[in-house]
Amino acid sequence: MTVAELKQAVLALSREDKQQLLLETLPEISQEVMQDRAFLMQLLPVFMNLVKDSGVDLQQLMQFAMMMNGGRPQS
């Protein structure tokens, strides 16, 4: 299956199925691809635009990130 075929199939899913797919596959997919720092720098703007477009307050997101990190800034 090509990337284009896979994309078409995923976009045809219902909203709930897309959500389930992301929650179930993102952790597994990200373990491998996040090892490439160049890819991570490509992905970060995509993620930040998703957050911005969702209306989530970036300050709240930062507070959540700090909670996930035990209150310690990343070094």
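Scroll up to find the structure.
Throughout what follows, the structure given in this document is the object of discussion. As the structure is a computational prediction, the values presented were derived from the model and not from experiment.

Our next topic: the overall build of the protein. Across its full length, the protein holds four helices and zero strands. Reading the secondary structure of the protein in the N-to-C direction produces α-α-α-α. For 75 residues, the compact-globule estimate of 2.2 N^0.38 gives 11 Å, and the protein exceeds it by more than 25% at 15 Å. The C-alpha extent of the protein, read off along each of the three principal axes, is 40 × 30 × 20 Å. Taking all 75 residues of the protein together, the buried fraction comes to 4%. Of the accessible surface of the protein, which amounts to about 7,100 Å², a share of 62% is contributed by carbon and sulfur atoms. For the protein, the centre of its 6 positive side-chain charges and the centre of its 9 negative side-chain charges are spaced 8 Å apart.

A few words now on helix α3 (residues 37–54). For α3, spanning 18 residues, the distance from its first C-alpha to its last is 26 Å, which sits close to the expected 26 Å at 1.5 Å a residue. Between the side-chain oxygen at the start of α3 and the backbone nitrogen of Ala38 there is a gap of 3.0 Å, and the oxygen is on Asp36. One or two steps after α3, the chain reaches Gly55, where phi turns positive at roughly 90 degrees.

Scoring rules and cut-offs
- Residues numbered from 1 in each chain as written.
- Predicted model: local features only at pLDDT ≥ 70, side-chain atom pairs only at ≥ 80, totals over all residues.
- Heavy atoms only, no water.
- Helix = DSSP H or I, 4+ residues; strand = E, 2+ residues; numbered from the N terminus.
- Rg over C-alpha atoms; globule rule 2.2 N^0.38 Å.
- Buried < 20%, exposed > 50% of the residue type's maximum accessible area, 1.4 Å probe, protein only.
- Areas by Shrake-Rupley, 256 points an atom, 1.4 Å probe, with all protein chains shown as cover.
- Lys, Arg positive; Asp, Glu negative; His and termini not counted.
- Charge placed at Lys NZ, Arg CZ, Asp CG, Glu CD.
- Expected span 1.5 Å × (residues − 1).
- Polar contact = N/O pair within 3.5 Å; in protein donor to acceptor, adjacent residues only side chain to side chain.

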